[in-house]
Structure formats: structure tokens, C-alpha cells
Amino acid sequence: MNKKILTISCIAALALSAVSCKKSFLEQYPPNAVELNSSFRTPTDVLTAVNGIYQSLRSSNNIGENSGLWTDERSDDTGRNDNQSNAGEPFQFGDFSILPSNTYLKSHWVSLYGTISRANVVLNNIDRITFSDAAQKQQYIAESKFLRAVMYFHLVRTWGDVPLVTKTFNGLDELNASTFREKQGTVYAQIVTDLKDALNSNLPNLQSGANLGRASKAAINAILGQVYLTMATTQDQSNRQSNLNDARTYLLAAYNMRTFSTLSSIPYADVFDVSKKANNAEVIWQIVNKQGDPTYSSSIAANNQAAGETINSLKPSSGVGGNVTPDLIKDYEMNDPRMAFSVKFASNANVRDYFITKFRDASSAASNLGYGGNDWPLIRYADVILMLAEVSNYLGDTNNAIAYLDQVRTRAGMPTYAASLATAGYSSKYPTLRLAILHERRVELAFEHHRWYDLLRTFSTEELVSYFKAKSQSDFGIARLANFTTKDRYFPIPFDEYKLDPAKMYQNPGY
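None of the values given here were measured: they were computed from a predicted structure.

(A) Layout of the overall build of the protein chain. Looking only at helices and strands, the protein chain has 20 helices and 4 strands in total. For a compact globule of 511 residues, the expected C-alpha radius of gyration is about 24 Å, and the protein chain comes in at 22 Å, within 12% of that figure. Each of the three principal axes of the protein chain carries a C-alpha extent, and together these read 65 × 55 × 50 Å. Per-residue burial for the protein chain yields a buried fraction of 57% across its 511 residues.

(B) Looking closely at the pairing of strand β1 (residues 283–287). β1 sits mainly inside the fold: 5 of its 5 residues count as buried. Strand direction decides the pairing type here: β1 and strand β4 (residues 376–380), joined by 4 bridges, are antiparallel. What sits directly across from Trp285, in β4, is Ile379.

(C) The arrangement of helix α19 (residues 461–469) in detail. All buried positions along α19 are accounted for by Leu464, Val465, Tyr467 and Phe468. The arc enclosing the buried residues of α19, seen along the axis, measures out at 160°, which places them on a common side. Where the residues of α19 are buried, they touch α18 (451–458).

(D) Focus on the side chain of Arg442. Inspection of the secondary structure assignment puts Arg442 in helix α17 (residues 433–444). Among the polar contacts made by the side chain of Arg442, one reaches the side chain of Asp77 at a distance of 2.7 Å.

(E) Looking closely at the pairing of strand β2 (residues 343–346). Of the strand pairs in this sheet, β2 and strand β3 (residues 353–356) are connected by 4 bridges, and their pairing is antiparallel. In the strand pairing of β3, Val343 is matched with Ile356. What sits between the antiparallel neighbours β2 and β3 is a turn of 6 residues, in which Arg352 has the positive phi angle 50°.

(F) Local environment of the packing of aromatic side chains. This model, assessed by the stated rule, comprises 26 aromatic pairs. Consider the rings of Trp109 and Tyr113, whose centres lie 5.2 Å apart with planes at 50°: the pair is tilted. Placement of the pair is Trp109 and Tyr113 together in helix α4 (residues 103–125), with a separation of 4 residues, close to one helical turn. Summarising the burial analysis for this pair, Trp109 and Tyr113 share the class buried. Summarising the aromatic geometry, the rings of Tyr255 and Tyr404 are spaced 6.1 Å apart at their centres and angled 85° between planes, so their arrangement reads as edge-to-face. Of this pair, Tyr255 sits in helix α9 (residues 240–255) while Tyr404 is found in helix α14 (residues 398–411), placing the two residues 149 residues apart along the sequence. Across the pair, exposure class does not vary: Tyr255 and Tyr404 are buried alike. One aromatic cluster is present, formed by Trp70, Phe93, Trp109, Tyr113, Tyr152, Trp159 and Phe491 through successive ring pairs. The ring of Phe153 carries Arg157 above its face, with NZ or CZ at 3.6 Å from the centroid. A cation over an aromatic ring shows up here: Arg360 above the ring of Phe341, its NZ or CZ 4.3 Å from the ring centre.

(G) How the structure looks around the nonpolar core. In terms of nonpolar packing, the biggest core is built from 117 residues, with Phe146, Ile191 and Val384 touching the most fellow members. Those residues in contact with Val384, other than ones at most four positions away along the chain, are Ala222, Leu251, Ala254, Tyr255, Ile284 and Ile379. In this structure, Phe96, Leu456, Leu481 and Phe484 belong to the second largest nonpolar core, which totals 14 residues.

(H) Representation of unusual backbone geometry within the structure. For Arg352, which is not glycine, the phi dihedral falls at a positive 50°. Backbone geometry at His449 places phi at a positive 70°, although glycine is not the residue there. In this fold, His449 is placed in the loop between α17 and α18. The class of His449 is buried, set by a relative accessible area of 12%.

(I) Quick peek at α18. Of all 8 residues making up α18, 8 are buried, and the element is well covered by its neighbours. Of all the residues in α18, the buried ones are Arg451, Trp452, Tyr453, Asp454, Leu455, Leu456, Arg457 and Thr458. Buried-residue contacts for α18 involve α5 (134–159), α8 (217–234), α13 (381–394), α17 and α19.

Procedures and definitions
All residue numbers here refer to positions counted from 1 along the written sequence of the relevant chain. Given that this is a predicted model, residues contribute local features only at a pLDDT of at least 70 and side-chain atom pairs are listed and counted only at 80 or more, while totals for whole chains, interfaces and linings are drawn from all residues. Side-chain metrics in this entry use all non-hydrogen atoms of the structure; hydrogen atoms and water are not considered. Helix and strand labels come from DSSP, where a helix needs a run of H or I of at least four residues and a strand needs a run of E of at least two; each type is numbered from the N terminus. With C-alpha atoms as the basis for the radius of gyration, the globule rule is written as 2.2 Å multiplied by the number of residues raised to the power 0.38. Exposure is judged per residue with a 1.4 Å probe applied to protein chains only, and the accessible area is read against the type maximum: over 50% gives exposed, under 20% gives buried, and values in between give partly exposed. When DSSP finds at least two bridges between two strands, those strands are taken to pair. In this context, the arc is that of the directions from the helix axis out to the C-beta atoms. In what follows, a contact means two residues having at least one pair of non-hydrogen atoms within 4.5 Å. Any pair of nitrogen or oxygen atoms within 3.5 Å is treated as a polar contact; in protein, a donor-acceptor pairing is required on top of that, and neighbouring residues in sequence qualify only through side-chain atoms on both sides. Classification of ring pairs uses Phe, Tyr and Trp, with its six-membered ring standing for Trp, and accepts pairs whose centres are within 6.5 Å; under 30 degrees between planes counts as stacked, over 60 as edge-to-face, and the remaining range as tilted. Sitting over a ring, as applied to charges here, requires NZ of Lys or CZ of Arg to be within 6 Å of the ring centre and within 35 degrees of the ring normal. Side-chain atoms within 4.5 Å link the members of a nonpolar core, which is a set of buried Ala, Val, Leu, Ile, Met, Phe, Trp, Tyr and Cys residues.

So, in C-alpha cells, the structure goes:
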């Protein structure tokens, strides 16, 4: 990543005022409390502010590599098999017993809105700056709108109706007037507008070299396709067909920007190989980390390491590492090489369980301090291909849906869908193409923070409850499946936000 992305300016830091005094995401000091004119004057200042938006994504409270608490641990893939000490509040996510007062929940909300606030600062002030290069200005606007849209996409899927803020405030009156939850349809409309504006820009199809990690047209198309797919499956069904058609259009646009011939030309293990990341043709958008750097390195390899193991990192571990549910282990097909690469059984007497090995850096450059070089993949082509399979299936284009599915299965060294369907084990577990695609996404994209959103997109609320209730409690340890009800489609609104105005910041049902 360009070193400038790693810098936060005082301009971007203005967004941190989003967590001031009354502890609301909206609350910030009036702009005249900080002299913008003294620190937001040149194109370089704008670049530094845009880099500050990117920097905020790295947090575990945002969408960085260690943010699985909001997604994977909420799903059936990972979790915590204890509720003691600091696992108390995190345990609530996988146990489906989350409280509005959960401090981790509030931190996630604040972080996502903090990123939005940073984007708003850029977008609301960039016209005050004189640019000699109009293309440069267009690029910064496109990047800011893209990142704002990504944040709102996470928010609306996680909480449903959420406050929609696209400006900075000139005083408390404006702030208070914006403290209300907006309907999902309006939020999605803003997401689509921002993404289309970003797409109609001078951004390159794909980024490379020092610009890896920045927005590209392939990334925008992929997110826009996913947004339309999500709207088609979770929102007003009167627009389902047009949303599915739009989803296919934008996903195909992303797919056609690839620089490789077939997915099989890129070995699965190479996608996650630290030594090959600079030329990784499958990853569309990632958070770039610097091997050996105490501040901007990756910690996921070391964090996932189980006691007595060395496969992930040279950093010694005394814990259980990245916990994996038996439910996921049982969902891998026999001889699927992705299982052997992604998980390993730790024989240590204090562990005796599977842990995540998908993200590794046991190199001397990462050292025994665990300063890994793993980039965090936010979008990759296997994800796009499987979404194309999903869309094609919904549109009744079964042949293309299977062809896309088989691209991923063939790369993994697995039998085609037709051959697999001829076996009793596969056909009984995945009797429909929809379930086969969901399964493939699970094993292909495991631990990449997609699973929860895949479940929300695949099942209605009632179907989702039935899906979890049909699982075996023994495959989830002490996390209680019986707790799962219709309320769990969304998180509760953090209590500190709700209490600001219980009418306008109304709580989600069941909490």
C-alpha cells in the first residue's frame, strides 16, 4: 500500500469527534471548533484525509482482518467455547444473547460511522480546495464515496434501518435533526448512488503496485453487484427481477476485468501466500499489511495459532487460536484440499480442537513477534464467480449457474456439480442448487467474513431460524442454538444510541 495511506491527518481525525460528549455516532464538535482552513488547504491535505478513511478500515471494530466477531462468530463457522473473563461480551454474539449494552457492539457502530464521518469531511470540503489536476480531485471524490457506501452497506445489513448522514454539521441543531433511523430502502438508494458516482470516474479497472488497497472499478462493480443481489433477496420483492438483472450486470463487469484466463490458473494456496501477494491476480480489493512492521503488520496468523503449533506463525501461543465449529468441519466434503489448507487439528492437551490455518506467515521476516505480511482480502474473484452462480440460479439460468459453480470446484480439485450430485451424500445435504452454492461459498470463503451475510441473503428470517434450529447443539459447544429467534436477523441498536431519542432511534424487535 502507498505509504501515504498509512497516515492519518488532522483533517481525517476530525471524524473522531463522532464519539464525543453524548457518546453518539452523530455527535461531533461544531466545525468552527477546529479551524479547517488551517489544515485543509491543498490537494495533499485532501489525499492525506482520504488515506485516513482507508486507515480506519484496518480496525478490528471496522472491517479489518480481526473483525470476525460481527460476521463469522455470528454465523455457524466460528465462535468461542467459553464465556469467562474477556470472552463474556464477545461470547454473546455466537450465543445469540447479545445485549444492547454490549460495549463491543457499540464500538463496531462507532467505528463504521467514524469512517463515514471521515468520508463526509472530504466530500463536504473538497470543493474549497483548488486543484490544478481535475482528475486528481475526481479520484478522491470517487474513493470517498466508495468507502462511504461500503460502510453503509455493512450498517444496513447489520442493523436494518440506520441513521443516514452525508454531511458534516454546522451546529447542534443540525446534529439533533439528523439523529433518527432512516428506512432501509433510503439507505440502499444512497449506497447505489455513491457507488454509481464512484464508478463514473477515472479510477482504474484494477489497482497494482503502490496503489494496491485503493478503490478500483472492479471493486466498485463487485460491491454494486452484491448490493443489488442483497436488495433482490432481502428487500422489496416487487423489484426483485430488475435488481437481479442489475446484480448480474455489475458482477459480470467485475468478472470481465480479471487479468487471468481461468480461476484454475491460480492455485488456491497461492491466493493466501504472503510471498506471492504482490502479483495476486485473484484479489480485487484488500487491506495491505507490511511484514515486520509493528504498526501496519498483520496479526491474524499469530492470533489464529493454537498452543503447541507453529504452522501459522513463529510467535508462541498458549491459547486455542482461531476456533472452528464442528458444524463447519462436517460441511467439508471428503478430500477437499481447502479443508487441509484452512484448518488443522491441534493435539495439545489444552486444545484438542481445530484452529484456523488459512492465513499464515511463519517467516523469519514476521519474526517471533508475529508481525505478519498477510493482506486481508475484502473482495476476490471466487467470491464474484459464486455470486454470479447465485444470481444466475435465481434468474433461472441453471446452466450458467452450474458453470460458475464448477469454476470454483474445479480449481479446488473437487468433482463437478453434476458428478457430485450423483452421490448420495452430496445430494442429500445439498438437494437444491441454491444450497449447493451456499455450501461452496462456505468452504471456499471460510473465515473471510462473508458467511453471516451469505446466510442473510439466502434465507428469509423464518427460514434462517429453522436452519439454525435444525443443527446439532453438540456442534456448537456451550453457545446455545436455542437462543436463536427472529430477533437475531439484526443486531440491537446500541443502548447509548437508542436512549438519545427512543422514538427516532427505536430499538429492533426482540431486544
